[in-house]
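Read off the chains here:
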Amino acid sequence: MPLAPSATTVLAALRNVPAFAHGLVRDLRVRWALEEIGRSYRVELHDAMAPRGPDYRSWQPFGQIPALDDGRVRLFESGAILLHLGEQDERLLPREPQARADTYAWLIAALNTVEPPIMDLQRVDVFRANEPWTREARPGYVHFLQRRLNHVEQALGDREWFAGPFSIADIAMVTVLREVRHTDILDAYPKLTAYKQRGEARATFRQALADQALGLGEPARLPEPA
């Protein structure tokens, strides 16, 4: 099993996160990729409710999660880490030129085109739910996200995975689609729903999710709104 206390590869992850974030923290993407290639790693846990200090910020300047140290290089941002791992193993990044190009494109699309409108919706539903403007603003965010998902579903069509074989593009896209789980929006997209379920059914995903849960601990309580 890749999670190993003596491993030289170190993954920065979180503990003590709020309930809505359990199973969604982005170190899951890296854990899943490491599971896919059978590479051992150990975790360095940081308290989600406390600021990260200067030592960590010298590694991840924004203080976010995840960050990876593979014993040779240190890097941050989940997309960059996935690309780094993919360059080392064709089980994550196909070597056939078009499949490789599709993997690059769909990885970036997941993070730059699909995830931002999901995060916008999370802001009004979770982080700003008690503010008076959110009720009026929410339909616009939902409509924009629905347009994005419609385009993604059309592009997926009847394919099993976005780039042909399973790849880091699917790790990114499946984990991004999971971020809308607090709504029923994805129910209107049966092909995307089935696609997400295929990803979640992989033994590697289930193991990564279980290992992440071990470190997250009990959900933290958010401060009451002022």
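Scroll up to find the structure this text is about.
Read on for an overview of the structure. (Residues numbered from 1 in each chain as written. Predicted model: local features only at pLDDT ≥ 70, side-chain atom pairs only at ≥ 80, totals over all residues. Heavy atoms only, no water.)

Side note on the overall build of the protein chain
Along the backbone of the protein chain there are eight helices and four strands. Computed over its C-alpha atoms, the radius of gyration of the protein chain comes to 18 Å, within 12% of the 17 Å expected for a compact globule of 226 residues. Expressed as a percentage of its 226 residues, the buried residues of the protein chain come to 48%. Long-range contacts, defined as pairs at least 24 residues apart, comprise 72% of the intrachain contacts of the protein chain with a sequence gap of at least 6. Surface exposure of the protein chain reaches about 11300 Å², of which carbon and sulfur atoms provide 53%. Charged side chains in the protein chain number 28 positive and 30 negative. The centres of these two groups are separated by 1 Å. (Helix = DSSP H or I, 4+ residues; strand = E, 2+ residues; numbered from the N terminus. Rg over C-alpha atoms; globule rule 2.2 N^0.38 Å. Buried < 20%, exposed > 50% of the residue type's maximum accessible area, 1.4 Å probe, protein only. Contact = heavy atoms within 4.5 Å. Areas by Shrake-Rupley, 256 points an atom, 1.4 Å probe, with all protein chains shown as cover. Lys, Arg positive; Asp, Glu negative; His and termini not counted. Charge placed at Lys NZ, Arg CZ, Asp CG, Glu CD.)

What to know about helix H1 (residues 27-37)
Taken across its 11 residues, H1 has 11 buried, putting it largely inside the fold. Within the sequence span of H1, burial applies to Asp-27, Leu-28, Arg-29, Val-30, Arg-31, Trp-32, Ala-33, Leu-34, Glu-35, Glu-36 and Ile-37. Phi turns positive, to about 65°, at Gly-38, one or two residues after H1.

What about empty space enclosed by the protein?
Counted according to the given criterion, the structure contains one cavity of 30 Å³ or more. Here the largest cavity is characterised by a volume of approximately 30 Å³. Around the largest cavity, the lining residues are Gly-23, Leu-24, Val-25, Arg-26, Leu-28, Arg-29, Thr-175, Arg-178 and Glu-179. (1 Å grid on protein atoms, 1.4 Å probe; cavity = no way out; pocket = protein on both sides within 12 Å on 5 of 7 lines; lining within 4 Å. Points joined across faces, edges and corners; volume = space filled by probe spheres on them.)

Nothing here speaks to function; it is all geometry.
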